[in-house]
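# Tertiary structure, described
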There are 4 protein chains.
Amino acid sequence: MNSFGTNLRVSIWGESHGKAVGVTIDGCPPGIAITDDCFNNDISRRKSGAKGTTPRIEADKPVILSGVYNSYSTGAPITFMIENTNTRSEDYKDITYRPGHSDFVAEKKYRGYNDPRGGGHFSGRLTLGLVIAGVIAKKIINDITIEAEIKEIGGTTDFDSAISKAIENNNSIGGIVECRVQNIPIGLGEPFFNSVESVISHAVFSIPAIKGIEFGSGFSSATMTGLQHNDLIIKKDGKTDTNNAGGINGGITNGNEIVFRVAVKPTSSISSEQKTFNKESNKIESFRLIGRHDACIALRVPVVLEAVTAIALADLKLCLH
Amino acid sequence: MNSFGTNLRVSIWGESHGKAVGVTIDGCPPGIAITDDCFNNDISRRKSGAKGTTPRIEADKPVILSGVYNSYSTGAPITFMIENTNTRSEDYKDITYRPGHSDFVAEKKYRGYNDPRGGGHFSGRLTLGLVIAGVIAKKIINDITIEAEIKEIGGTTDFDSAISKAIENNNSIGGIVECRVQNIPIGLGEPFFNSVESVISHAVFSIPAIKGIEFGSGFSSATMTGLQHNDLIIKKDGKTDTNNAGGINGGITNGNEIVFRVAVKPTSSISSEQKTFNKESNKIESFRLIGRHDACIALRVPVVLEAVTAIALADLKLCLH
Amino acid sequence: MNSFGTNLRVSIWGESHGKAVGVTIDGCPPGIAITDDCFNNDISRRKSGAKGTTPRIEADKPVILSGVYNSYSTGAPITFMIENTNTRSEDYKDITYRPGHSDFVAEKKYRGYNDPRGGGHFSGRLTLGLVIAGVIAKKIINDITIEAEIKEIGGTTDFDSAISKAIENNNSIGGIVECRVQNIPIGLGEPFFNSVESVISHAVFSIPAIKGIEFGSGFSSATMTGLQHNDLIIKKDGKTDTNNAGGINGGITNGNEIVFRVAVKPTSSISSEQKTFNKESNKIESFRLIGRHDACIALRVPVVLEAVTAIALADLKLCLH
Amino acid sequence: MNSFGTNLRVSIWGESHGKAVGVTIDGCPPGIAITDDCFNNDISRRKSGAKGTTPRIEADKPVILSGVYNSYSTGAPITFMIENTNTRSEDYKDITYRPGHSDFVAEKKYRGYNDPRGGGHFSGRLTLGLVIAGVIAKKIINDITIEAEIKEIGGTTDFDSAISKAIENNNSIGGIVECRVQNIPIGLGEPFFNSVESVISHAVFSIPAIKGIEFGSGFSSATMTGLQHNDLIIKKDGKTDTNNAGGINGGITNGNEIVFRVAVKPTSSISSEQKTFNKESNKIESFRLIGRHDACIALRVPVVLEAVTAIALADLKLCLH
């Protein structure tokens, strides 16, 4: 199902080259200020245009269809629609089974009825709905602050040269993005099945291209000893000297900063010649992908990562009594 | 909430030193063979006793309270109870805020009403319910096979010496566990919010001590190019030459092996002298933890990891029409 | 939350005098034929215009925003938007606490942030989304047929004169609507908490103005004996001679016709002089409601009742494995 | 699925003649006083023994397996088990398709794997779990009071003679039970899909033998005019002079008393000679049901009705922020 959350439910819908993409947010408390302007910043952070991102430019102007009255949330479901204006479906029409893409699984799962244009419902364009819901969620969680930033591109911190090289080679490149959450109340999350890690990772793996997530010391904790890893509580309010736990014990926020990192794979769509299976000839053939692509999708991940984190935390917060 | 799943719902309950721990499995199709014996193998794999695991030995004999008739599932909820017989609550009574444990967050979240004995509901003993549900789930997914194994302990593949050293030092040590799933049908999972990665990671982060998860090429994908990372489809059935995707595209199984790895932190409970905050004196003090502990909890993770993976996949399978 | 269903999830959104009302249907299997035309019949059955219904006429033309490609469902969420074109908000602006309406509870629940125009999100106009989702649901349940019809208006079967009299008196009048479902498979529903009666009644009480529901012999069963009430199975396939059970035993469909009736209260909006509480003067005052109203909302209920029944049954059907 | 509720989730399990019946309550806030004694009153109200109820007497002593520590809820799931001690399975072994019972649907739905002894999971004995959960729910909703009482038995208020006559005739008889809820806060419930009527009726139709439900003026509203039916708000706090709405407008509590009535069918199990379909001979045959039965199950409904109402309202209350 294309929705997430128990008390704040975010549902996304739409296709890359269909009429529109959109999002419905149910359970938003009444009285949250919502104006057209408040989405500009995060939408523009997500938007392509920088070096390494696709030249496809959409207006990306969300239309509020419901749930907002006199610039405040009413308590009823809020629906946003973003019309698709700049679609070039003919680019995709002959492509079969692009490597690294969902073409094959979509065809099988939906028995050939899926919309194949630009990835259809699988398109990264759907993350626009996540970003919009994220803006609302950030307002709901209020003084909790979330900040994501790129830590590595192609295994290096010299992002610029890594990207240039990828573009030059008609290739793409991955990266690492880190997210930090501050001012978090103690007690969000549940010991079993809805640990904060469970809920955040569930949301995060909805972002296309994410291949891994680690909290606090993460994978490096596997090489540590207990003496090294255990964080010492130094204050009555639970503040610890180190933060190997990443702000979470037993699945529950401990009031320290939540820290996690995600691995973003290189964009699957590249302009280099590749091989793939041709479903008509039943043979492996060379082909070259036409269309507009991001050389490094990780560049566009931070704002989406913040958004899904905000959505996850807002839902957890609204589950507290 | 302490339950997981939409069409197969697994709910766990109980406390480490309370009357019992248990699990209820709702949505299990009728006609699945269930005998007392069928849990022995996985329960004994989870059981402590090997070098590096706690000497607390429980009978761990699940009693079937409902949902099974004439050795077959009836279609009604199946409840298992495992009585706690070997509890030594006095070991824990003076302990406050064990480092790396949930003591602090549990006290705050539940306003002091939580059962503190042996970690109460946060105890690793609750995973017994997961293992039992996993046995049922494995039967539901039938010819899908799941195998988890330890890949590293303390950063090395020489597990034995790493564990010996940790025991010698009254310390503990982490590890990496890998899980592989074969014979998986194409089409499990959803593009948004219920990707296979979302559902598996949600379940996996219910296992205490897990700090990270990566699918396929995982974190190393962040250093790869698109040309390296894209898996080439070589057969009509979707078989790929490489498996950087870990068997999942666009959130959906592609029929290739699902591969993922988890990072297990070192056990928080260690016998070395440590410091912690004393909530009565409001000071940081030294203390030494009495009780029975695992030097390396990662050793007991594989069967639990298989279990939650089976639960996640069984639920996804029962969501297919 | 404004959504219904587990495997088929219908979410409605919008306000009577806002930009649009709409519905999102998630979980619809791929390959269901969906054209603009297929909604015409049920939308026109719901539409006002007959004697006793409001003269407000909307185009009520649903725009398909997502989830349909080449006239078939794709398997992705299907979103419909129906723009509001014929709104006259000034009619409502001075009204406070219309008797029998949600004005008071909406103001309190949403702390004054609700959209009050025409009832906002509480408006009967939202049932347009239900009717559209019902058309899809009817296609999903396929050869199951659902037919609702008016049985009584104002306690009589001479509907015409009852309605004329209500109009003449600037008053309104209630009614009874019956729904019959045929060709139903055996085994839909669950013994506890998701009995067919539970699921249908849950959906039915989303229709504004419904005050009661009864299945099979319903309230008259309270006056019967067991010998009278027990339906005799006369055939191997479960066919019974009588149908006091209304097609449901133990919460589960038995293959016989499902029969239930609902009570529809008289429309709250009437043009007669009434009294109500004036929140500014804190006094009870006389007032007269301006605006366009249905003298008998029960006339418009049958198609909506069919719709929610179809939605409920489609969800139950998709829960079967 | 055998569970109910979003923020308070009640799951029941067990079979009439199996090892035990039970209930798990998840989401109960910490700090609710729970002792063995606090169930006595409601369990004894449910218990049979009065004229017209089955002579099967169980100890019905709930054992608390989890979630309670030092006589208070801990915030973790609370599981109760009630062992079945007084089972006489041989009474049922030859019975096929008892009229009015779930035997036929259970056999078909579960492909013959269901536990047929005493109705198995369909047994009215499962309502013991509802009653226990109801006791907890009543504590959660605190000063909201719920009272259910029998209004009619067999169409008359002279209950005693109606029951005597039914017993005399080896027959059974139905009844009407009314439930009233006081001290209810304004604002529980949602306009669409989770109206208070939707949520209560969903829970109520989990009680075996309920055939109808009506709120406020209910079915008689179908014969009323708007002028008669509209309740006049007479006070700032929403108090109305009449209560045709039954305390609910637009699906949301208005602070006035919630009133609803349910129809209870006559017990299906009667000792009179009846006819039924014999699945071996494929013929209709006469038979006489052996076993212990209630002549009027409605007598035992009030406490169960209060319980499910408390559960529904507690869940709605915990959904408020």
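Here goes a summary of the coordinates provided.

Reading the values: the criteria
- Per chain, the residues get numbers from 1 upward, laid out in the order the sequence is written.
- Written order determines the labels here, with chains lettered from A and ligands numbered from 1.
- For a predicted model such as this one, the threshold for reporting local features is a pLDDT of at least 70, and the threshold for listing and counting side-chain atom pairs is 80 or more; totals across whole chains, interfaces and linings nevertheless cover every residue.
- Only hydrogens and water are set aside; all other atoms, that is, all heavy atoms of the structure, feed into the side-chain values.
- The helix count covers DSSP runs of H or I at least four residues long, the strand count covers runs of E at least two residues long, and both are numbered beginning at the N terminus.
- Accessible area is worked out with a 1.4 Å probe on protein chains only. A residue is then buried under 20% of its type maximum, exposed over 50%, and partly exposed in between.
- Here, residues are in contact when the closest pair of their heavy atoms is within 4.5 Å.
- When two components associate, each loses some accessible surface as probed by a 1.4 Å sphere; the sum of these losses over both components is called the buried area.
- Every case where a carboxyl oxygen of Asp or Glu lies within 4 Å of a side-chain nitrogen of Lys or Arg is listed as a salt bridge.
- Residues adjacent in sequence count toward polar contacts only when both atoms are side-chain atoms; beyond that, a polar contact is any pair of N or O atoms within 3.5 Å, and within protein one must be able to donate a hydrogen and the other to accept it.
- Here, strands pair whenever DSSP counts at least two bridges between them.
- Superposing the copies works by least squares over the C-alpha atoms of residues that have pLDDT at least 70 in both of them.
- Throughout, an axis means a line fitted to C-alpha atoms (over the contacting stretch in the case of helices), and angles, computed between N-to-C directions, take values from 0 to 180 degrees.
- Relative orientations are named as follows: roughly parallel for angles under 35 degrees, roughly antiparallel for angles over 145 degrees, roughly perpendicular for angles from 65 to 115 degrees, and oblique for any other angle.
- The crossing is said to be left-handed when, going from far helix to near helix, the turn is anticlockwise and less than a right angle, and right-handed when the turn is clockwise.
- Asp, Glu, Lys and Arg are counted as charged, while Ala, Val, Leu, Ile, Met, Phe, Trp, Tyr, Cys and Pro are counted as nonpolar; the rest, among them Gly, fall into the polar class.

## Comments concerning unusual backbone geometry
- Even without glycine at this site, Asn70 of chain A takes up a positive phi of about 50°.
- Considering the arrangement of structural elements, one finds Asn70 of chain A in the loop between strand 5 (68-69) and strand 6 (72-73).
- On the accessibility criterion, Asn70 of chain A (59% relative accessible area) is exposed.
- Residue Arg111 of chain D is not a glycine yet carries a positive backbone phi of 50°.
- Of note, Arg111 of chain D is situated in the loop between helix 2 (103-109) and helix 3 (127-141).
- Given a relative accessible area of 53%, Arg111 of chain D falls into the exposed group.

## Here's the deal with the interface of chain B and chain A
- The interface is formed by 97 residues belonging to chain B together with 98 residues belonging to chain A.
- The contact between chain B and chain A buries some 7,500 Å² in all, and 64% of this surface belongs to carbon and sulfur atoms.
- Considering only the surface of chain B that becomes buried against chain A, Phe192, Phe193 and Lys211 of chain B emerge as the three largest contributors, covering 13% of it.
- Our count for the contact surface shared by chain B and chain A stands at 2 salt bridges.
- For Glu190 of chain B, the salt bridge goes to Lys109 of chain A, with nearest N and O atoms at 3.6 Å.
- The interface formed by chain B and chain A contains 41 residue pairs in polar contact (both at pLDDT 80 or more).

## Describing the interface of chain C and chain D
- On the chain D side, the residues contacting the 97 residues of chain C number 98 residues.
- Interface area for chain C against chain D, summed over the two sides, is near 7,500 Å², with a carbon-plus-sulfur share of 64%.
- Three residues stand out in chain C for area buried against chain D, namely Phe192, Phe193 and Lys211 of chain C, and they jointly supply 13% of the buried area on that side.
- Remark: the boundary between chain C and chain D carries 41 residue pairs in polar contact (both at pLDDT 80 or more).
- Note that strand 10 (residues 210-215) of chain C and strand 10 (residues 210-215) of chain D share 3 bridges and pair antiparallel.

## Quick look at the relation of the copies chain C and chain D
- The transform that puts chain C on chain D rotates by 180° and translates by 0.0 Å along the axis, for an RMSD of 0.0 Å. In short, the pair behaves as if placed about a two-fold rotation axis.
- Both copies share a contact surface, since 100% of the interface residues of chain C are interface residues in chain D too.

## Here we look at the packing of helix 3 of chain D against helix 7 (residues 301-319) of chain D
Residues and elements named next belong to chain D.
- Relative orientation of the contacting elements helix 3 and helix 7 amounts to 45°, with a least axis distance of 7 Å. Here helix 3 lies oblique to helix 7, going by the angle between them. Judged by the sense of rotation from one axis to the other, the crossing of helix 3 with helix 7 is left-handed. Here Thr127, Leu130, Val131, Ala133, Gly134, Ala137, Lys138, Ile140 and Ile141 of helix 3 come into contact with helix 7, specifically with Val303, Val304, Glu306, Ala307, Val308, Ala310, Ile311, Leu313, Ala314, Lys317 and Leu318.
- Its residues placed into classes, the contact of helix 3 with helix 7 shows 15 nonpolar, 2 polar and 3 charged.

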